[in-house]
Amino acid sequence: MSFDARDRSRDLADVGIRPRVRIQTEPPHESANARNGTQQATAREVVFDIRNMSVHYGDNRALDATTLKIYRNLVTAVIGPSGCGKSTFIRSLNRMNDSVPGFRLGGQVLYHGHDVYGTAVNRVEVRRRIGIVFQRPNPFPKSIYDNVAWAPRNLGMKADLDAWVKQALRHAALWDEVQDRLRDSALSLSGGQQQRLCIARAIAIEPDVLLLDEPASALDPVATASIEDLMRALKSRYTIVVVTHNMQQAARVADHVAFFSLDQIGSGRVGTLIEYADAETIFRAPKDARTRDYVTGQFG
Ligand code: ADP
């Protein structure tokens, strides 16, 4: 298999042209590993450098200027009460909001140093590198195989298609359950299996980043646990940003946590980043009283 969409040295405007990427690194950053004493003082690569990103839908300001960095091979959880802009935040990272009427983004989203909203940027290329999975499993009404093969086929990856499909299903921890029924309809799978299929579909073209928008909120506890296991397993290959309203889930899977809330700004309430830190800090020693109230269940 020669195709590698994770080659970050390629330009976002056209994968075929020469690299001009800057890999940004940061000083040692705390991760969830700190909890079990295995934290290593390694420089973390910055995947997203988000600078003063604000979002409007028409006249409604959904997100106040937000500045944070998202690091490679970590799970970054986005938490906060309903309506605080969690979905808006992650959907803005791969331009999923572009088609929303009235959507307007201020500031900058730098992805490996490239402005995701730059004029020369190819949106298809952005989506290829930054995949997204939604709350409700949404497999195509096609076979299990064709769901996973869909994106590779669209990208002309005809050779080794079976191998791509198998690899994606393995990485999504679904292969063992479906290897004998690849031609069955995806809709015959359980909800949890359908969601893992959607993850397999998203990773079939080896993106760099996986955005998960409340991926387990429509699932039962057993299926939820398997999605959480999957996040932990997949982070060695992908950078994961997950929206969740489930605090326990964030505590179980996240390395870093961004807590958003609704702040009174002028006459309206606007989604605002309140605190961003490693999961240990957010859940055990948050600096902001609003974070503490939220994670202890006293608010939201
Ligand atoms: P959360 O994910 O935290 O529940 P959202 O990002 O969905 O929050 O919503 C943040 C704000 O943006 C809300 O006021 C919501 O009504 C508004 N909003 C979200 N999506 C749209 C849209 N497609 N069109 C207009 N307003 C939207």
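Residues numbered from 1 in each chain as written. Predicted model: local features only at pLDDT ≥ 70, side-chain atom pairs only at ≥ 80, totals over all residues.

Caption draft 1: Here's a closer look at the overall build of the chain. Secondary structure summary: the chain contains ten helices and eleven strands in total. For the chain, with 300 residues in total, the buried portion stands at 44%. For the chain, long-range pairs separated by at least 24 residues make up 68% of all intrachain contacts whose partners lie at least 6 apart in sequence. (Helix = DSSP H or I, 4+ residues; strand = E, 2+ residues; numbered from the N terminus. Buried ≥ 20, exposed ≤ 12 C-beta atoms within 10 Å, placed from the backbone. Contact = placed C-beta atoms within 7 Å.)

Caption draft 2: Molecular detail of the confidence of the model for the chain. Chain-level statistics for the chain give a pLDDT mean of 88 and a share of 85% at 70 or above. Confidence over residues 1-6 falls short of pLDDT 50; this stretch has twelve contacts with residues more than four positions distant or in other chains. Residue range residues 14-25 is modelled with pLDDT below 50. Its contacts to residues more than four positions away, or to other chains, number 23 contacts. (pLDDT = per-residue confidence, 0-100.)

Caption draft 3: Structural detail: the site of the ligand. Taken together, 13 residues sit near the ligand, with Y57, A62, K86, S87 and T88 positioned nearest. Looking at the shell around the ligand, the elements that each hand over two or more residues are strand 3 (60-71) and helix 1 (86-91). Ranked by the residues each element gives to the shell around the ligand, the list is headed by helix 1, at three residues. Of the residues assigned to the shell around the ligand, the class counts are four nonpolar, eight polar and one charged. (Near = placed C-beta within 6 Å. Nonpolar A, V, L, I, M, F, W, Y, C, P; charged D, E, K, R; others polar.)

Caption draft 4: Looking closely at the packing of helix 3 (residues 144-154) against helix 4 (residues 161-171). The geometry of helix 3 relative to helix 4 is characterised by a closest axis approach of 9 Å and an angle of 115° between their N-to-C directions. Judged on the interaxial angle alone, helix 4 and helix 3 are roughly perpendicular. As for how helix 3 packs across helix 4, the hand of that crossing is right-handed. Here helix 3 contributes Y145, V148, A149 and P152 to the contact with helix 4, which in turn contributes L161, W164, V165, A168 and L169. Grouping the constituent residues of the contact of helix 3 with helix 4 by class yields nine nonpolar, no polar and no charged. (Axes fitted to C-alpha atoms, helices over the stretch in contact; angles between N-to-C directions. Parallel < 35°, antiparallel > 145°, perpendicular 65-115°, else oblique. Left-handed = near helix turned anticlockwise from the far one by under 90°.)

Caption draft 5: Spotlight on unusual backbone geometry. One non-glycine residue with positive phi stands out, namely H112, at about 45°. Along the chain, H112 falls in the loop between strand 5 (103-111) and strand 6 (114-115). What makes H112 buried here is the crowd of 22 C-beta atoms within 10 Å. A positive phi angle, close to 55°, is found at A173, a residue other than glycine. With respect to the element layout, A173 can be found in the loop between helix 4 and helix 5 (175-178). Owing to 18 C-beta atoms within 10 Å, A173 belongs among the partly exposed residues under this scheme.

Caption draft 6: Structural view of the environment of L169. Mapped onto the fold, L169 is located in helix 4. In the structure, L169 is positioned 28 residues away from L197 in sequence and 7.2 Å away in space, judged by C-alpha atoms. Dropping the residues within four chain positions of it, L169 is found in contact with V148, L174, W175, V178 and A200.

Caption draft 7: Just the environment of S92, in detail. In this fold, S92 is placed in the loop between helix 1 and strand 5. The exposure class of S92 is buried, given the 25 C-beta atoms found within 10 Å. A sequence separation of eleven residues divides S92 from F103, and the C-alpha atoms of the two residues are 9.7 Å apart. Leaving out residues up to four positions away in the same chain, S92 has contacts with M53, V55, N97, L105 and V109.

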